[in-house]
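Observations on the three-dimensional arrangement
Here are the chains, one letter per residue:
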Amino acid sequence: MTTTTAARTAKTATDADTVVSFENVTKDYGTVRAVDGLTLALHPGETVALLGPNGAGKSSTLDLLLGLRPADSGSVRLFGTTPREAVAAGRVGAMLQSGGLMAEVTVREIVALGCALHPRPHPVDAVLSRAGIDKIADRKVDKLSGGQEQRVRFALATAGDNDLIVLDEPTTGMDVTARHSFWATMREQADQGRTVLFATHYLEEADAIADRVLVLSKGRLLADGTAAEIKARAGARKVSFELDAQEAVDEQVLRALPALTAFERHGATVRLQSADPDATVHAVYALGLYPRNLEVAGLGLEQAFIALTEAEEATL
C-alpha cells in the first residue's frame, strides 16, 4: 500500500471532508461473504472507479453505500450520517443497473417526477439538456434504445443538487460519442466539488476518467490508488517483438525466458509480460535471436487489473 493510499484509508467519518466512510464492513449472503472487512474513505471532488471481477463484491458494496442493505458488521457512513439519512436529505444520486423505468410515460414526465421528489431539485429542462435527452423528451420511455434508457437513468440520478453521484455500469449500451459526452458531464460534476463513484467493466474508462481506482477481490480492497499507481503495483511490463521467418525457435524455449508472467505468440509476433524486462530481453539475445520492432512498455490498467486479481486468486 502506498503512502497516499494509507493516508486515504486512515481517514474516518469524523473527518469533516469525508463523503463516504466504510470501517471494517462485512456482508454475508448465507455462506458467501460478499464484503469482507472493507475499509475506505471518499472525499469531495474525487472521481473514483470501482473495479473487480464478477463476484468481487462491487454491487454489494454499492447496496451498502446506498442503504439498500444493512451491513452485518462494521460501519457505513455518508457525510457523517447513515446512508438512508443522506439519501433522504437529497445528498446522493444513484444510477443502478437493477430496476426498470416506468412504461407509458414520456421522458419529460419521468424526469419531472424525479425532480419533484428531490429535496433540492434542478429545473427539468436543465436536467434533460445535461443528460442529452432534451430532443427525445416527448418520446415514451418504453420506446427508447438501451443507450437512451441509460441517459434517462443518468438524468434521474442528477435531478437534484447531489453531493455524491453513484453510477453502476453507467455507459452500458451507449455508443462512443455518447460515452465521451457522458464522461465530460461527469467531470464537470466533479469539478464543482461533487464526488463521483462509478463501477465499470470498461477499464479504459477508469484509466482515462478516474482520479482514483479501487480494486475489489472477494469482497476485500485489493488496491487503492491512481491508475498509474495500480499499474506500477502490478510490477510486470509488456515486451513485444517480431522474429524473422528463418529464426525458427521452439515455443517452449521462449516460454522458459526468465521473469515471464504471461506469454502469447501469433506467428512471428511474440508478446510477453515480464517482472524483469531487462533480464528477459537479454535472454532473447542470448538465444542468438535478433528481435525486430522490440518494444518494452508499462502495463495498461486492464492488464494490471488482471495481473493483480490473478495473483490474489492464486493465494486463496
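This section reports on the structure supplied with the text. What you are looking at is a predicted structure, and each value in this text was computed from that prediction instead of being measured.

Analysis parameters
- Starting from 1, residues in each chain are numbered consecutively following that chain's sequence as written.
- Since the coordinates come from a predicted model, pLDDT governs what is reported: local features require at least 70, and pairs of side-chain atoms require 80 or more to be given and counted, while whole-chain, interface and lining totals use all residues.
- The side-chain figures draw on all heavy atoms in the structure; neither hydrogens nor water molecules are used.
- Residue exposure (1.4 Å probe, protein chains only): buried if accessible area is under 20% of the type maximum, exposed if over 50%, otherwise partly exposed.
- Strands here mean DSSP runs of E at least two residues long; helices mean DSSP runs of H or I at least four residues long; both are numbered from the N terminus.
- When DSSP finds two or more bridges between two strands, those strands count as paired.
- Cavity means a closed set of points on a 1 Å grid over the protein atoms alone, one where a 1.4 Å probe fits but cannot get out, pocket means an open set with protein on both sides within 12 Å along at least 5 of 7 lines, and lining means a residue has an atom within 4 Å of a point.
- Grid points are joined across faces, edges and corners, and a volume is the space filled by probe spheres set on the points.
- When residues are sorted by character, Ala, Val, Leu, Ile, Met, Phe, Trp, Tyr, Cys and Pro go into the nonpolar class, Asp, Glu, Lys and Arg into the charged class, and all the rest, Gly among them, into the polar class.
- What counts as an axis is a line fitted to C-alpha atoms, over the stretch in contact for a helix, and the angles between N-to-C directions run from 0 to 180 degrees.

Points about the pairing of strand β8 (residues 212-217)
Of all six residues making up β8, six are buried, and the element is well covered by its neighbours. With burial as the criterion, each face of β8 is covered, one bearing R212, L214 and L216 and the other bearing V213, V215 and S217. Relative to β8, strand β3 (residues 47-51) runs parallel, the two sharing four bridges. Bridge assignment links L50 to a residue of β8, and that residue is L214. Relative to strand β9 (residues 220-225), β8 runs antiparallel, the two sharing five bridges. Residue V213 lies in a different strand from β9, and its bridge partner there is G225. Between the antiparallel neighbours β8 and β9 lie two residues, among them K218 with a positive phi of about 55°.

So, the layout of surface pockets
What the largest pocket holds in volume is close to 730 Å³. Lining the largest pocket are 30 residues, and of these G93, A94, G114, L156 and A157 sit closest to its centre. Mapped onto the lining of the largest pocket, the elements with two or more residues apiece are α3 (83-88), β5 (92-95), α4 (107-117) and α6 (146-157). Split into classes, the residues belonging to the lining of the largest pocket amount to 17 nonpolar, 11 polar and two charged. The calculated volume of the second largest pocket comes to roughly 210 Å³. In this structure, the second largest pocket is lined by R233, A234, A236, T261, A262, Q273, Q303, I306, A307, L308, E310 and A311. Of all the elements in the fold, those that place two or more residues in the lining of the second largest pocket are α9 (227-234), β11 (260-266) and α12 (301-315). The leading source of residues in the lining of the second largest pocket is α12, at six residues. Along the lines of polarity and charge, the residues of the lining of the second largest pocket split into seven nonpolar, three polar and two charged.

Here we look at the sheet that holds strand β1 (residues 20-29)
Sheet architecture is open: three strands sit in the order β2-β1-β4, paired in antiparallel fashion. One side of each edge strand has no neighbouring strand; the edge strands of this open sheet are β2 (32-42) and β4 (73-78). Between one strand and the next, the sheet's axes are offset by a mean angle of 25°, whatever the strand orientation. Where β1 and β4 come together, five bridges link them in antiparallel fashion. Following the sheet pairing, T26 is matched in β4 by S73.

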